[in-house]
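Here is how the chains run, residue by residue.
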Amino acid sequence: MKNCGRRFHSEVGKFRFLNELIKVVSPKYLGDRVSEKVKIKVVGLLYSWTVALPEENKIKDAYQMLKRQGIVLSDPVIPVDHTLIPSPPIRPKNPIFDDEERSKLLARLLKSKNPDDLQEANKLIKSMVKEDEVRMQKVSKRVHTLEEVNNNVKL
């Protein structure tokens, strides 16, 4: 779950999946036949998901239901190395506009009616595009070098 994205988290947060986990710990279903170690692990996972994924309400609802039914008596203690770290933010599609300061300056220059500001914006756009071309050339060269190394390794 640590390295999974939002799509996977939403799949885990669906009732179909959560119901299967509830069946494992609930005495109505498989709870009598499942070892205590497995039950503790499932409860621990559900609790850690409720803490780490607050936007997935169904996970929290499922955990609260287990508490109301008396299946979970207290919140488990989760070691720090087992806690979920939220996924990193999605990177922007175009890295040219990563620099916020430049993007704000460009937006301000483009909104201006002054011809000098528009010329400055044009220069800024050209420099940003040139930097992107240089970056793309480096990426292309890196990919080409890796392919060459791969081919040499195969030989």
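Calculation criteria
- Residues numbered from 1 in each chain as written.
- Predicted model: local features only at pLDDT ≥ 70, side-chain atom pairs only at ≥ 80, totals over all residues.
- Heavy atoms only, no water.
- UniProt positions renumbered as here; feature names shortened; annotations may be inferred.
- Salt bridge = Lys/Arg side-chain N within 4 Å of Asp/Glu carboxyl O.
- Helix = DSSP H or I, 4+ residues; strand = E, 2+ residues; numbered from the N terminus.
- Core = buried A, V, L, I, M, F, W, Y, C linked by side-chain atoms within 4.5 Å.
- Buried < 20%, exposed > 50% of the residue type's maximum accessible area, 1.4 Å probe, protein only.
- Contact = heavy atoms within 4.5 Å.
- Patch = residues over 30% accessible without salt bridge, like charges linked within 9 Å, V, L, I, M, F, W, Y side chains within 5 Å.
- Areas by Shrake-Rupley, 256 points an atom, 1.4 Å probe, with all protein chains shown as cover.
- Expected span 1.5 Å × (residues − 1).
- Polar contact = N/O pair within 3.5 Å; in protein donor to acceptor, adjacent residues only side chain to side chain.
- Axes fitted to C-alpha atoms, helices over the stretch in contact; angles between N-to-C directions.
- Parallel < 35°, antiparallel > 145°, perpendicular 65-115°, else oblique.
- Left-handed = near helix turned anticlockwise from the far one by under 90°.
- Nonpolar A, V, L, I, M, F, W, Y, C, P; charged D, E, K, R; others polar.
- Lys, Arg positive; Asp, Glu negative; His and termini not counted.

The protein chain appears in an unreviewed UniProt entry as ADP-ribosylation factor-binding protein GGA1 from Staurois parvus. If you open the UniProt record of the protein chain and go to Sequence similarities (unreviewed entry), you find "Belongs to the GGA protein family."

**Quick word on the pattern of salt bridges**
According to the stated counting rule, one finds six salt bridges in the structure shown. Of the charged contacts, one joins K67 and D75 as a salt bridge, the two residues approaching to 3.1 Å between their closest N and O atoms. Between E131 and R102 there is a salt bridge, with the nearest N and O atoms lying 2.7 Å from each other. Of the two residues, E131 sits in helix α6 (residues 115-154) while R102 sits in helix α5 (residues 100-111), which places them 29 residues apart along the sequence.

**Re the nonpolar core**
Most often, soluble globular proteins have nonpolar side chains that are buried together. L18, L21, V42, L46, W49, I59 and L66 are the most contacted members of the largest nonpolar core, which totals 17 residues. Excluding residues that lie within four positions of it along the chain, L66 makes contacts with I22, V25, L46, I71 and V72. By size, the runner-up hydrophobic cluster in this structure holds five residues, among which are L106, L109, L124 and M128.

**Section: a nonpolar patch on the surface**
A cluster of nonpolar side chains, L110, L118, I125 and V129, forms an exposed patch at the surface whose accessible area comes to about 310 Å². The element that contributes the greatest number of residues to the nonpolar patch is α6, accounting for three residues. By secondary structure assignment, the location of L118 is in helix α6.

**Notes on α6**
Over its 40 residues, α6 extends 58 Å from the first C-alpha to the last, a length consistent with the 58 Å expected when each residue adds 1.5 Å. For α6, the complete set of buried residues consists of A121, L124, M128 and D132. Considering only its buried residues, α6 is in contact with α5. Among the residues of α6, the N-terminal cap falls to N114, whose side-chain oxygen and the backbone nitrogen of D116 are separated by 3.1 Å.

**Points about the packing of helix α2 (residues 15-25) against helix α3 (residues 36-52)**
Where α2 contacts α3, the two axes come as close as 9 Å, and the packing angle between them is 140°. Between α2 and α3, the angle falls in the class oblique. Seen along the crossing, α2 lies across α3 with a hand that is left-handed. Contacts from F17, L18, L21, V24 and V25 in α2 reach V38, K39, V42, V43, L46 and W49 in α3.

**Focus on the packing of α2 against helix α4 (residues 57-68)**
As a packed pair, α2 and α4 sit with axes 10 Å apart at the nearest point and diverge in direction by 20°. The angle between α2 and α4 places the two elements in the roughly parallel class. When you trace α2 past α4, the crossing you get is right-handed. Contact residues: α2 offers F15, L18, I22 and V25, while α4 offers K58, I59, A62, M65 and L66. Residues that form the contact of α2 with α4 fall into these classes: eight nonpolar, no polar and one charged.

**Description of the side chain of K39**
Counting through the fold element by element, K39 comes out in helix α3. Notably, K39 is buried but unbridged: the nearest opposite-charge side chain belongs to E36, and the N-O separation is 4.1 Å. Contacts of K39, omitting those with residues within four sequence positions, involve V24, V25, G31 and V34.

**Quick look at the side chain of E56**
Assignment of secondary structure puts E56 in the loop between α3 and α4. With no salt bridge to any partner, buried E56 finds its closest opposite charge in R6, at an N-O distance of 5.4 Å. With residues up to four places along the chain from it excluded, the contact list for E56 reads H9, S10 and G13.

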